[in-house]
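Here is what each chain is made of, one letter per residue.
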Amino acid sequence: MGDMTSIESIPEGASRRIVVLGTGGTIAGTAAAAGDNVGYTAGQVAVAQLLAAVPGLQQRCEAGWTIESEQVAQIDSKDMSHAVWRRLAERVQIHLDRPEVDGVVVTHGTDTLEETAYLLQRVLAPSKPVVLTAAMRPASSTQPDGPQNLADAVTVAGLPGACGVVAVLAGKVWAGAEARKVHPYRPDAFDAGDAGPLAHVEESRVRRLREWPQGAPLGLQVLAADIWPEVQIIVSHAGADGRVVDLLMEAGVQGLVVAATGNGTVHQDLQAALLRAQSAGVAVVRALRGGSGCIVPTGHDLVPDAGALTAAQARVEILLRLLSRRA
Ligand code: SIN
């Protein structure tokens, strides 16, 4: 992605067709009391109902836009499953394949959004925009952030020339493969480490800083397997040892992501077990335990690193690599 700034907007009078796929999350959550922004239940409000609360959408439809909606799932995204991922990827692809559709929006929970966005970008790398959006306040809140986020997501999905999987929250556009949740409460809860935002959405205009995400799609067939490989995340920490690796090996684990300290360092006892696992054919990779940035290779690393990916995204990458070998 090169450095550039470009102000983009949808031409006056242009008609667009956007499909909005609902999967649940806080954006569709409700609490018993309107002032309660934490004790709510995610995934309660139907996506069609969420769209009715989006500012300016009615005027857009009167001006020739068509907004379709479909409920793909209705879950708290902490409970995301491989089956829902596969169904979502299939539904996104079906709508993208329709020539009359300009873009797809996916409403999602924030908790695993970075994993779904990474998966969709790697599997579909779409030539039309696929825009994930979410909220940090439930739909029942006195100050819900979902309606504006959904309005901005629809804008990005309708933008001529946009492509790839992105996430739109709190006025910022993140590349799907770079986005990560960095705050448990703030409405501006997302970041992309050193990469920064891809664009800003300001009053229905998009101020783009970098190129839209591109890449070679792995293709939907990669998700076809009924049983997905066992890939686990473990953490290196003070007092860590290799027992958890040995237990996972006994249980048939095929991939291991170690959330590593410092610049990708791993406790020596855990490292010894990981090297044994690697020699036995388990796919092992190091990802950063926290913070932003990218693991800088030392030139004598014994376990490969996941660059700037979060441990959760690195797990998706290993899953996809193992699935690709089977497809
Ligand atoms: C979820 O991830 O579904 C719940 C939390 C959220 O959306 O912020």
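For the structure, see preceding data.
Residues numbered from 1 in each chain as written. Predicted model: local features only at pLDDT ≥ 70, side-chain atom pairs only at ≥ 80, totals over all residues. Heavy atoms only, no water.

A. Just the packing of aromatic side chains, in detail. With the rule as written, the count across this model stands at 0 aromatic pairs. Here the guanidinium or amino end of R60 rests over the ring plane of W65, the centre of that ring lying 4.5 Å away. (Phe/Tyr/Trp six-rings, centres within 6.5 Å; stacked < 30°, edge-to-face > 60°. Lys NZ or Arg CZ within 6 Å of the ring centre and 35° of its normal.)

B. The layout of surface pockets, seen in detail. A volume near 260 Å³ is recorded for the largest pocket. Lining the largest pocket are 18 residues, and of these R180, R289, G290, G291 and T310 lie nearest its centre. Its residues assigned to classes, the lining of the largest pocket shows 6 nonpolar, 7 polar and 5 charged. (1 Å grid on protein atoms, 1.4 Å probe; cavity = no way out; pocket = protein on both sides within 12 Å on 5 of 7 lines; lining within 4 Å. Points joined across faces, edges and corners; volume = space filled by probe spheres on them. Nonpolar A, V, L, I, M, F, W, Y, C, P; charged D, E, K, R; others polar.)

C. Summary view of the site of the ligand. Within the structure, the ligand sits among G25, T26, Y40, D76, S77, G109, T110, D111 and A135. Measuring from an oxygen atom of the ligand, one finds a side-chain N or O atom of T110 at 2.5 Å. Between the ligand and A135, the relevant distance is 3.3 Å, taken from an oxygen atom to a main-chain nitrogen or oxygen of the residue. Per-class residue counts for the shell around the ligand are 2 nonpolar, 5 polar and 2 charged. (Near = heavy atom within 4 Å. Polar contact = N/O pair within 3.5 Å; in protein donor to acceptor, adjacent residues only side chain to side chain.)

D. Layout of helix α4 (residues 113-124). When the terminal C-alpha atoms of α4 are compared, their 16 Å separation across 12 residues agrees well with the 16 Å that a helix rising 1.5 Å per residue should span. Counting buried positions along α4 gives 11 out of 12 residues, so the element sits mostly inside the fold. Restricting attention to buried positions, one finds in α4 the residues L113, E114, E115, T116, A117, Y118, L119, L120, Q121, V123 and L124. The elements touched by buried residues of α4 are α3 (82-96), β5 (129-133), β6 (164-169), β8 (180-181), β9 (190-191) and α8 (311-326). Among the residues trailing α4, A125 stands out with phi positive, at a value near 30°. (Helix = DSSP H or I, 4+ residues; strand = E, 2+ residues; numbered from the N terminus. Expected span 1.5 Å × (residues − 1). Buried < 20%, exposed > 50% of the residue type's maximum accessible area, 1.4 Å probe, protein only. Contact = heavy atoms within 4.5 Å.)

E. Examining the sheet that holds strand β12 (residues 231-235) more closely. Taken in spatial order, the 3 strands line up as β12-β13-β14 in an open sheet, and their pairing is parallel. Both outer strands of the open sheet, β12 and β14 (283-288), are each paired with one neighbouring strand and no more. When the angles between neighbouring strand axes are averaged without regard to direction, this sheet yields 25°. As judged from the 5 bridges shared by β12 and strand β13 (residues 255-260), these two strands associate in the parallel manner. Considered in β13, the bridge of Q232 is made with L256. (Pairing = 2+ DSSP bridges. Axes fitted to C-alpha atoms, helices over the stretch in contact; angles between N-to-C directions.)

F. Structural view of the pattern of salt bridges. Under the definition given, this model contains 18 salt bridges. The partner of D79 in a salt bridge is K78, and the shortest N-O contact between them spans 3.0 Å. We classify K78 as exposed; its relative accessible area is 55%. A salt bridge links R276 to D246; the shortest N-O distance between them is 3.3 Å. Placement of R276 in helix α7 (residues 268-279) and of D246 in helix α6 (residues 243-250) is noted, with a sequence separation of 30 residues between them. (Salt bridge = Lys/Arg side-chain N within 4 Å of Asp/Glu carboxyl O.)

G. Layout of the nonpolar core. Core analysis: the largest hydrophobic core is formed by 53 residues, its most contacted members being V92, V104 and L223. The element that contributes the greatest number of residues to this core is α8, accounting for 8 residues. When residues no more than four places from it in sequence are discounted, the contact partners of L223 are W85, R86, A89, L119, V123, W228, L320 and L323. Formed by 35 residues, the second largest nonpolar core is a distinct cluster that contains I18, V20, V131 and A153. (Core = buried A, V, L, I, M, F, W, Y, C linked by side-chain atoms within 4.5 Å.)

H. Layout of the side chain of T110. Within the secondary structure, T110 sits in the loop between β4 (103-107) and α4. Residue T110 is classed as buried on the basis of its relative accessible area of 5%. At a separation of 3.5 Å, a polar atom in the side chain of T110 contacts the side chain of D111. At a separation of 2.8 Å, a polar atom in the side chain of T110 contacts the side chain of K181. If sequence neighbours within four positions are ignored, T110 has contacts with S77, A134, A135, M136, L169, K181 and F190.

I. Representation of the sheet that holds strand β2 (residues 17-24). Ordered by their spatial adjacency, 9 strands build an open sheet running β1-β11-β10-β7-β6-β5-β4-β2-β3, and the pairing between neighbours is mixed. Strand pairing shows two members of the sheet lacking a second neighbour, β1 (6-8) and β3 (66-75), which therefore form its edges. The sheet shows a mean angle of 25° between the axes of neighbouring strands, taken without regard to direction. With 4 bridges connecting them, strand β10 (residues 199-202) and strand β11 (residues 205-208) associate as antiparallel partners. By the bridge assignment, E202 is partnered in β11 with R205. Packed on one face of the sheet, α3 meets β2, β3, β4 and β5 and runs near 170° to β3.

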